[in-house]
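Chain by chain, the residues:
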Amino acid sequence: MNNSERFAPGAPGIPARWTSSAKQGIGTALNSRSRVWFTHSHGILNEIYYPEVDQACTRDCGLLVSDGKMFFSEEKRDTRTQVELIEPGIPAFRLVNTCLHGTYRIEKEIISEPDHDTVVQRTRFIPLKGNISDYHVYVLLAPHLGNRGAGNTAWTSKFRGHTMLFAERNSISLALACSVPWKKMSVGYVGISDGWQDVKRHKEMTWEYTRAENGNVALIGEVDLQKSQGAFVLSIGFASHAEMAGEEALAAANVDFDHLLSKYISQWQAWQQHLPRAPGNTSGDRDLYMRSVSALRICESKLHRGGIIASLSIPWGFAKGDDDLGGYHLVWTRDLVETAGALIAAGAYEDVLRVLDYLVSTQLADGRWPQNMWISGSAYWSGIQMDETAFPVLLIDLAYRKGLFNSRQLSRFWNTVKKASRYLVMNGPVTQQDRWEEDPGYSPFTLAVEIAGLLAAAGIAEINNEKAFAKYLRETADVWNSNIERWTYVTGTELANQFGVEGYYVRISPPDTGEASSPMHGYVPIKNRPPGQSAEPATTIISPDALALVRFGLRSPDDPRILNTIKVVDALLSVDTPSGNTWHRYNDDGYGEHEDGSPFDGTGIGRAWPLLTGERAHYELARGNHQEAARLLVAMRSFANEGGMIPEQVWDSPDIPARELFFGKPSGSAMPLVWAHAEYIKLVHSLQGGQVFDTPPKPVQRYIVEKTESVYAVWRFNQKCSGIPRGKILRIEVLASAMIHWSPDNWASVYDVMTQATDLGFQTGEIPAHTLAAGAILRFTFFWKETQRWEGQDYTVQVEK
């Protein structure tokens, strides 16, 4: 450091916060050389990601405008924004920000540089009152390098003859350059000595600090309007070292923007030319469709190819700090598979093959995938969701059925399928967390995905000459399918009586612990409970998740139990907004804004999800109601914002303009949600084809056409059922060789069964419980062959009456 350094005061600044999740657009160059992704909302750049799609490196970058005397305006708060795509379906954006007081207009074009790690913005400042000489324009950038706003260091410098601003944290650096020399530059600590505080207070830059270390920092530079005549190019370059970041930024700032734009567009067009023509009956259909396909492609990693994150946003980011990012710029296996399914529908087969390779490389040794993970494959949260183990199997099956590869090529995925299906059999069907990352138990959605996944795996096993393996998978699927209603369908509850139905599927029910007091067969009806005993709380919690039983082919869309559930779901969860119908995830959902519109902070009120509108539309199509499905497609399109981004949730209460919350419009949750865009794409194709695009045929044939029922009930140590239906053989599954010592009459008579090894890596023994009378109590214990010892405990299972 030299003696001329002017250190900014106020370290480390106020606590760092992110910014709005309401993205109006996201983009990246379509090549592996440029490793930056950008987002924008409220007319300015927001998070820029580098060097991976899961690493946010800026909070935002926008302009301040003043007259040096009385006038101060902040572009993101004080303008009205119009957003356009420069070319249809290509994420190159033209923004027009008009001052709310009619004082100025700012026109921008934003892309990422195809050959460098740089985001480039061509800007034109146009005075609507007075002359350009009457104004000062400042560029304000907040670095949050490596997903953190704290611990950043910023400075000003001359670099190769150019005045530039820099920031760094750990091994990431950024440089901000302008096509005309900065008139003034400064760095400071946010909330204390940053440029916003200076210009807001003095109506011009009076501070010119050269360094701010280890804090929540901001960079500011005044554009030389006289020299630029209001037209200038900004470039934000990234690298592992400051000098390299400076080179990246300068390389872009000194190249003709039209040349960069042409190259950026041509790369996207080259990819799109390999896709079938966008379907849809109207230009609105085709526009959102192409924006949606592009959104899926944008969110893919360029180093770990095939890894696609859930969203380039941080829900309620303006209220979130460094340690509260949420799980959105992460890979969720479920979201990734849903995204890949949409890419199959769109004809992007090469992209899907990359996803499959990514799934193979990130599968854990035991066969499952992390609940969510960084793009490198390392786990973020520690939960286990069984559907996320079954979904990749379904994707492999879908890709095979749609002709992405032949049976010989399918064999390269067999080891992945085998490990995943083995994990499902040994650990399912109880999910440790449902698809919304919440309670453990039996979930209709998870059951549907697991069972369909086992049948898909069985088909792939047969292609690979693993017939015994396939047989066991089908038998397990049959057992679980036969128990869906026992586990998740309740009857005789107060809620059922209220809505005039016999029963309904619950969102999730507690697992059977094997104890006498546990809910053996779903829930005991109200009328059978002792006086004064309250219902299990979960009997009143319902969800559209039950529609997965139709989507994955396990139940007919006209099944009376499905129809009953829909009646209750619509009464409790449906919202009719000005944009169309949508649904809540479940009653008592706490993930959303508070009643007053304040952001989710660990508690709140769950809002309505456009994704569920798409799922309902698919159900209606399965039922043959094409007109209703088409109506819901229009609703789903209406939920997108002006930039074509579909949100995770929409606001479902009266307008609160001060919080930018409007009935039927995006809430402060994630936007865009890639899964929602994937559902929209699939719905467009489903309507075009007249049937649900991704319903697997094997469950439909086995359970709806053939009406296959299982002859087995299953007991194992991680699922000790306390009761079994009459007429079922009791199959006992254990991890080691054993003799099963059992009695149907309290040890008056005894029998022994030796377990047999299976191809899945565990042992099974079968007790002929189907010969026992209703009400009989079967007792059993184990003699473990390898250790030559008795279990030392008896277990009981009752044959139901």
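Heads up: the structure comes first, above all this text.
Keep in mind it's a predicted model, so treat the numbers as computed, not measured. (Residues numbered from 1 in each chain as written. Predicted model: local features only at pLDDT ≥ 70, side-chain atom pairs only at ≥ 80, totals over all residues. Heavy atoms only, no water.)

Engineer: Give me the side chain of histidine 685: which residues, what numbers.
Structural biologist: By secondary structure assignment, the location of histidine 685 is in helix H19 (residues 674-689). Look at histidine 685 and you get buried, because its relative accessible area is 16%. (Helix = DSSP H or I, 4+ residues; strand = E, 2+ residues; numbered from the N terminus. Buried < 20%, exposed > 50% of the residue type's maximum accessible area, 1.4 Å probe, protein only.)

Engineer: Pulling in residues and values, what's your account of the sheet that holds strand E11 (residues 152-159)?
Structural biologist: If you walk across this open sheet you meet the nine strands as E6-E7-E8-E9-E17-E13-E12-E11-E15, and the pairing is antiparallel. The open sheet terminates on both sides in strands that have one partner only, identified here as strand E6 (79-87) and strand E15 (211-215). The average angle at which neighbouring strand axes cross in this sheet is 20 degrees, direction not considered. Pairing geometry for E11 and strand E12 (residues 162-169), over seven bridges, is antiparallel. Bridging across to E12, serine 157 finds its partner in methionine 164. Helix H4 (residues 242-253) rests against strand E9 (118-127), E11, E12, strand E13 (172-178) and strand E17 (231-239) of the sheet, and its axis sits at about 150 degrees to E17. (Pairing = 2+ DSSP bridges. Axes fitted to C-alpha atoms, helices over the stretch in contact; angles between N-to-C directions. Contact = heavy atoms within 4.5 Å.)

Engineer: Lay out unusual backbone geometry in plain terms, naming residues and giving numbers.
Structural biologist: Looking along the chain, the bond that leaves tyrosine 50 and enters proline 51 is cis, with omega of -10 degrees. Summarising the element assignment, proline 51 is placed in the loop between strand E3 (44-49) and strand E4 (58-66). Looking along the chain, the bond that leaves methionine 671 and enters proline 672 is cis, with omega of 5 degrees. The phi dihedral of tryptophan 747 falls on the positive side, at around 75 degrees, and the residue is not glycine. Examined against the element boundaries, tryptophan 747 turns out to sit in the loop between strand E26 (738-743) and strand E27 (751-754).

Engineer: Would you mind going over the environment of asparagine 216 in detail, with residue names and values included?
Structural biologist: Considering the arrangement of structural elements, one finds asparagine 216 in the loop between E15 and strand E16 (217-223). Residue classification places asparagine 216 among the buried positions, given a relative accessible area of 5%. Separated by 66 residues in the primary sequence, asparagine 216 and alanine 150 place their C-alpha atoms 4.8 Å from one another. Other than its neighbours up to four places away in sequence, asparagine 216 contacts Pro12, Gly13, Ile14, Pro15, Ala16, His144, Gly149, Gly188, Tyr189 and Val190.

Engineer: Give a detailed account of the packing of aromatic side chains, specifying residues and quantitative values.
Structural biologist: The description of an aromatic ring pair rests on the distance of the ring centres and on the angle between the ring planes. Counted by the stated rule, this structure contains 38 aromatic pairs. On the numbers, 6.0 Å between centres and 40 degrees between planes, the contact of tryptophan 207 with tyrosine 209 is tilted. Across the pair, tyrosine 209 and tryptophan 207 agree in class, each one buried. A centroid spacing of 5.4 Å and a plane angle of 40 degrees characterise the contact between phenylalanine 717 and phenylalanine 782, whose relative ring orientation is tilted. With phenylalanine 717 in the loop between strand E23 (712-716) and strand E24 (723-724) and phenylalanine 782 in strand E30 (residues 777-784), this residue pair connects regions lying 65 residues apart in the sequence. Phenylalanine 782 gets classed as buried once you look at its relative accessible area, which sits at 0%. (Phe/Tyr/Trp six-rings, centres within 6.5 Å; stacked < 30°, edge-to-face > 60°.)

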